[in-house]
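# Coordinate inspection notes
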Amino acid sequence: DLFFEDVSLKKNDLNINSDAASIKDLNSETTIFTFLGNVEIISDIVIITCDTALLEFEDNELKNAKFIGKLSSFQQFNEEKELIASGTAEVFEYDHITNILRMENNAWVNNGSNEVSGNLITYNLIKRNIIADSENGSPVKLIIDSTSIN
């Protein structure tokens, strides 16, 4: 394993900044990057901040990512760089192939016209739809902006 401090990394369309990072299996088909402390991940359409990020690359392409921290958040922007969605959770899991964010534990998402909170929320970054699951009977809260309904 390799370990670095005060990290700023550009990999494909991602810019990643953190206090520290480690890299596992750098010369294999699957490489795991672990970023620690004040993690900020910036792509063309989303910014994610968290305490810890685990990114799995396969054949030099991002496959999966997990973001952990009490203050983990995401902000999604359109092509004009306008904010179109944001959310928070203690744990985010991102599937790069499907562009789906799965948010667990104290999850909250706002897509401009709807606000959802609960323990398990799935958000599609392309379709911009929100799916909330009550997960073991825990409540889901939905606030709908009635001015956006035609």
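The rules behind these values
- Residues numbered from 1 in each chain as written.
- Predicted model: local features only at pLDDT ≥ 70, side-chain atom pairs only at ≥ 80, totals over all residues.
- Heavy atoms only, no water.
- Phe/Tyr/Trp six-rings, centres within 6.5 Å; stacked < 30°, edge-to-face > 60°.
- Buried < 20%, exposed > 50% of the residue type's maximum accessible area, 1.4 Å probe, protein only.
- Helix = DSSP H or I, 4+ residues; strand = E, 2+ residues; numbered from the N terminus.
- Core = buried A, V, L, I, M, F, W, Y, C linked by side-chain atoms within 4.5 Å.
- Contact = heavy atoms within 4.5 Å.

With that out of the way, let us pick up the packing of aromatic side chains. For the structure shown, the criterion picks out four aromatic pairs. Here F33 and F35 contribute two aromatic rings whose centre-to-centre distance is 6.0 Å and whose plane-to-plane angle is 5°, an arrangement assigned as stacked. The two residues F33 and F35 agree in class, both being buried. Measuring from ring centre to ring centre gives 6.0 Å for F74 and F92, while their planes differ by 85°; the resulting arrangement is edge-to-face. With a gap of 18 residues between them, F74 in strand β5 (residues 61-77) and F92 in strand β6 (residues 83-95) connect regions that are remote in the sequence. Judged by its relative accessible area of 1%, F74 is buried. Of the residues examined, F92 reaches a relative accessible area of 0% and is grouped as buried. Through a chain of ring-to-ring contacts, three or more aromatic side chains come together here, namely F33, F35 and F57.

Glycine aside, a negative phi is what most residues show, and trans is what most peptide bonds show. For N99, which is not a glycine, the phi torsion comes out positive at approximately 60°. Secondary-structure assignment places N99 in the loop between β6 and β7 (100-110). A residue is classified by how much of its surface remains accessible, and N99, at 17% relative accessible area, is buried. Despite not being glycine, N105 has its phi angle at roughly 65°, a positive value.

Okay, the nonpolar core next. Within the largest apolar cluster, 31 residues are counted, with the highest numbers of intra-cluster contacts made by F35, I41, A53, L55, F67, F74 and M103. In terms of residue count, the dominant contributor to this core is strand β4 (residues 46-58) (six residues). Once residues within four sequence positions are removed from consideration, F74 is found in contact with V46, I47, I48, A85, S86, G87, F92, L101, M103, V109, Y123 and L125.

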